[in-house]
Amino acid sequence: MKEKIHKLEEKANWVRKQVLEMIASAGKGHIGGAFSCTDILVALYYGGILRFNPDDKNWDGRDRFILSKGHSGAALYAILSDLGYFSPSELCNYQKKGCILGGHPDKKIPGIEADTGSLGHGLGLGAGLALSAKMDKKDFMTFVLLGDGESYEGSVWEASMFAGHHRLNNLVAITDRNGLCVTDFLKDCLEIDPLEDKWKAFGWDVVIVNGHSYEELLFALKDFRSRKSDKPLMIIAKTIKGKGVSFMESNLDYHHSVPKGEQLEIARKELNEKL
């Protein structure tokens, strides 16, 4: 287990380095949120959680993953390229003319299930997919990764109520609980706690984890296909926005700021020294 976790940590560090270079080259991108959810994405794609096949992208039995907080797409792009969904050379052209990789994911990109970026819609899409699987007696699971700032959207709670009502125990949602949105800390902007109690009230099972701990992430998901509960599952993953680079961590400026010059070199140095 220790060796597996070490490999996941190495992969996450690699993803963060790719994201840094992509955003620095493009001169734009949401680096803070991409860094906060990197460990979650690595756990899903490399930790034996998601069922997928890059050689058969439309395989009917694949699990469906929706990045509802689509502005963090750079981290997902790095992973999809590494897994063989498209050429890694596309990362060098991120958000540039002619590149398939825009600022937010869309279905033209291999491995992407839904267009996202207009916040608040991913959970509704995921609930629909989960319900369709129930109706068609298919065994794929649906995963949705939300932001905590995104959870200000009323459509999130409409979808959560729908999923709870229909007992969609084939739906797993994860909240990237980094405590910041584009303009402020959530506690100073519009308090969202008690988040756990709210999801439970809408008919969900809830687990709270450290979103940078592979032990906790993998343990929370180890039996997700055979849960006895008939409720959808929400995992609230406590994270740090900008995780991995000291001056970005919990820094409001790095929702969308791009490191340049000396700051870029410091970020590179810190990530290169991680492992």
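Here's what I pulled together on the structure shown here. (Residues numbered from 1 in each chain as written. Predicted model: local features only at pLDDT ≥ 70, side-chain atom pairs only at ≥ 80, totals over all residues. Heavy atoms only, no water.)

**Regarding the layout of surface pockets**
And step 1. Put simply, the largest pocket is a space of about 350 Å³.
And step 2. Forming the boundary of the largest pocket are 22 residues, of which Lys57, Arg62, Gly111, Ile112 and Glu113 lie nearest the centre.
And step 3. Counting residues per element, the ones that place at least two in the lining of the largest pocket are β1 (64-67) and α4 (122-135).
And step 4. Here the element with the most residues in the lining of the largest pocket is β1; it accounts for 3 residues. (1 Å grid on protein atoms, 1.4 Å probe; cavity = no way out; pocket = protein on both sides within 12 Å on 5 of 7 lines; lining within 4 Å. Points joined across faces, edges and corners; volume = space filled by probe spheres on them. Helix = DSSP H or I, 4+ residues; strand = E, 2+ residues; numbered from the N terminus.)

**Re the pattern of salt bridges**
And step 1. This structure, assessed with the given rule, holds 19 salt bridges.
And step 2. Measuring nitrogen to oxygen at the nearest pair gives 2.8 Å for the salt bridge that ties aspartate 82 to lysine 11. Placement of the pair is aspartate 82 in helix α3 (residues 73-83) and lysine 11 in helix α1 (residues 2-26), with a sequence separation of 71 residues.
And step 3. On the basis of relative accessible area, lysine 11 is assigned to the partly exposed category, the value being 22%.
And step 4. Each of Glu21, Glu265 and Arg268 takes part in salt bridges that share partners, so that together they form one network. (Salt bridge = Lys/Arg side-chain N within 4 Å of Asp/Glu carboxyl O. Buried < 20%, exposed > 50% of the residue type's maximum accessible area, 1.4 Å probe, protein only.)

**Focus: empty space enclosed by the protein**
And step 1. In this structure the tally under the stated criterion is 1 cavity of 30 Å³ or more.
And step 2. Of the pockets and cavities examined, the largest cavity occupies roughly 50 Å³.
And step 3. In this structure, the largest cavity is lined by Phe65, Ile66, Leu67, Leu76, Pro105, Gly111, Ile112, Glu113, Ala114 and Thr116.
And step 4. If you tally residues by element for the lining of the largest cavity, the top one is β1, at 3 residues.
And step 5. Each residue belonging to the lining of the largest cavity can be placed in one class, and the counts come to 7 nonpolar, 2 polar and 1 charged. (Nonpolar A, V, L, I, M, F, W, Y, C, P; charged D, E, K, R; others polar.)

**A word on the packing of aromatic side chains**
And step 1. Tallying each qualifying case throughout the model produces 9 aromatic pairs.
And step 2. Judged by centre distance (6.4 Å) and plane angle (40 degrees), the rings of phenylalanine 52 and tyrosine 85 are tilted. Taken together, the residues span a long stretch of sequence, with phenylalanine 52 in the loop between α2 (31-46) and β1 and tyrosine 85 in the loop between α3 and α4 at a distance of 33 residues.
And step 3. The partly exposed category is assigned to phenylalanine 52, whose relative accessible area is 24%.
And step 4. Ring centres of tryptophan 157 and tryptophan 199 lie 4.7 Å apart, and the angle between their planes is 40 degrees; this geometry places the pair in the tilted category. One end of the pair, tryptophan 157, is in helix α5 (residues 154-165); the other, tryptophan 199, is in helix α7 (residues 195-201), with 42 residues separating them in the sequence. An identical accessibility class is assigned to tryptophan 157 and tryptophan 199; each is buried.
And step 5. Taken together, the ring pairs in this structure connect Tyr45, Phe52, Phe65 and Tyr85 into an aromatic cluster.
And step 6. In this structure, lysine 11 packs its charged tip against the face of tryptophan 14, placed 5.2 Å from the ring centre.
And step 7. Positioned above the aromatic ring of phenylalanine 140, the side-chain terminus of arginine 64 is 3.8 Å from the ring centre. (Phe/Tyr/Trp six-rings, centres within 6.5 Å; stacked < 30°, edge-to-face > 60°. Lys NZ or Arg CZ within 6 Å of the ring centre and 35° of its normal.)

**A look at the sheet that holds strand β4 (residues 205-210)**
And step 1. The strand order β1-β2-β3-β5-β4 describes an open sheet built from 5 strands, whose pairing is parallel. Of all the strands in the sheet, just β1 and β4 have a single pairing partner and so form its edges. On average, each strand axis in the sheet is inclined to that of its neighbour by 20 degrees, with strand direction left out of account.
And step 2. Looking at chain direction, β4 and strand β5 (residues 233-238) are connected through 6 bridges and run parallel. Within β5, the position partnered with valine 207 by the bridge is isoleucine 235. (Pairing = 2+ DSSP bridges. Axes fitted to C-alpha atoms, helices over the stretch in contact; angles between N-to-C directions.)

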